[in-house]
Every structure is written in structure tokens, then in C-alpha cells.
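Residue-level listing of the chains:
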Amino acid sequence: MAAAPEPGEPKERKASCTSLHLSYWKSLKLLGFLDVENTPCARHSILYGSLGSVVAGFGHFLFTSRIRRSCDVGVGGFILVTLGCWFHCRYNYAKQRIQERIAREEIKKKILYEGTHLDPERKHNGSSSN
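The rules behind these values
- Residues numbered from 1 in each chain as written.
- Predicted model: local features only at pLDDT ≥ 70, side-chain atom pairs only at ≥ 80, totals over all residues.
- Heavy atoms only, no water.
- UniProt positions renumbered as here; feature names shortened; annotations may be inferred.
- Helix = DSSP H or I, 4+ residues; strand = E, 2+ residues; numbered from the N terminus.
- Buried < 20%, exposed > 50% of the residue type's maximum accessible area, 1.4 Å probe, protein only.
- Contact = heavy atoms within 4.5 Å.
- Areas by Shrake-Rupley, 256 points an atom, 1.4 Å probe, with all protein chains shown as cover.
- Expected span 1.5 Å × (residues − 1).
- Disulfide = S-S within 2.5 Å.

By the naming in an unreviewed UniProt entry, the protein chain is Cytochrome c oxidase assembly protein COX20, mitochondrial, taken from Pongo abelii. Recorded under Subcellular location (unreviewed entry), the UniProt text for the protein chain is reproduced unchanged: "Mitochondrion inner membrane". The Sequence similarities (unreviewed entry) field of the UniProt record for the protein chain holds the comment "Belongs to the COX20 family."

See the structure below:
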């Protein structure tokens, strides 16, 4: 018989299908170096590339019935769609990071100058007080 766990000890949990699936995606590395979970845009680019591969290859096969050429078109579709999504997403990501940095700097300036005579939003009267 297995001994019952003491009140202070955590109970052992069985791994569920969902937790196994999530741990698989967290540890997935492509070509040994591209961490799909922690690299921005990587997961979506690869998923869209896979879909583009299937659509391009299967569409070419339906029109021509040439298996080898359809596989080549599928690989080409994967490369083109993956790279297209990757560059589009990374461009937008970099643009967003620049906008966030500018906003942070403006907030710091606002906090620093608020209530002082250097505050640009403060209305200056004609009379000066010393």
C-alpha cells in the first residue's frame, strides 16, 4: 500500500493531455536553436507557412497531377509564406517597440517637469513671481 502524503507535502498530479501539449510547445526548438515559444512571431510564421505549404502543394497537385513537382511547390510555398509572415510581423513588432519607447520617454519627461516652470502645458502669466 502506498503511504498517504503528509499534510504539508504537495500531492502528486498526473500529467493531463493539455499539460503535455503545452509543455511540448514550450520546449519546441526548430533546427536546435529557434525557440518557438520565446521568439516573437516564430510560432505564427511557422503555422501560416505550414498552411501555405499545404494549400500551394495540394492546389498544384489538383491542377497538374504531378506529385514530385507539387511537393516542390509545397516546400516553396512554405518558405515564401513563412518568410513573408516573419518579416511582416517583425517589422510591426519593431515599430511597436519604438512607439513604446517614445511613449515611455514622454511619460518620464511629463513626470519630471509636471508642476515646474519648465512644464510645457502650464500656462505662463504675464507677471513673473520671484
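1. Here's the deal with the overall build of the protein chain
The secondary structure content of the protein chain amounts to 3 helices and 2 strands. When the elements of the protein chain are put in sequence order from the N terminus, they spell out α-β-β-α-α. Across the 130 residues of the protein chain, 12% fall into the buried class. Once local pairs closer than 6 in sequence are excluded, the contacts in the protein chain between residues at least 24 apart make up 39%. Looking at the protein chain as shown, the accessible area adds up to about 11600 Å², and 61% of this sits on carbon and sulfur atoms.

2. Quick look at helix α2 (residues 42-64)
Every α-helical turn comprises 3.6 residues, leaving residues that sit three or four positions apart pointing alike. Taking 1.5 Å per residue, 23 residues should reach 33 Å; α2 reaches 32 Å between its end C-alpha atoms and fits that length. Serine 65 occupies a position one or two residues after α2 and carries a positive phi of about 60°.

3. Thoughts on helix α3 (residues 67-113)
Over its 47 residues, α3 extends 69 Å from the first C-alpha to the last, a length consistent with the 69 Å expected when each residue adds 1.5 Å. Within α3, burial applies to Ser70, Gly74, Gly77 and Thr82. Glycine 115 occupies a position one or two residues after α3 and carries a positive phi of about 85°.

4. A word on the state of the cysteines
By definition, a disulfide links two cysteine residues through a covalent bond between their sulfur atoms. Under the counting rule described, the total for this entry stands at 1 disulfide. Paired through a disulfide, cysteine 41 and cysteine 89 show a sulfur-sulfur distance of 2.0 Å. Disulfide cysteine 41-cysteine 89: torsion about the S-S bond near -70°, hence left-handed. One end of the pair, cysteine 41, is in the loop between β2 (34-35) and α2; the other, cysteine 89, is in helix α3, and 48 residues separate them in sequence. For cysteine 89, a relative accessible area of 27% gives the class partly exposed. For the unlinked cysteine cysteine 85, the closest cysteine sulfur is that of cysteine 89, found at 8.4 Å. Look at cysteine 85 and you get partly exposed, because its relative accessible area is 23%.

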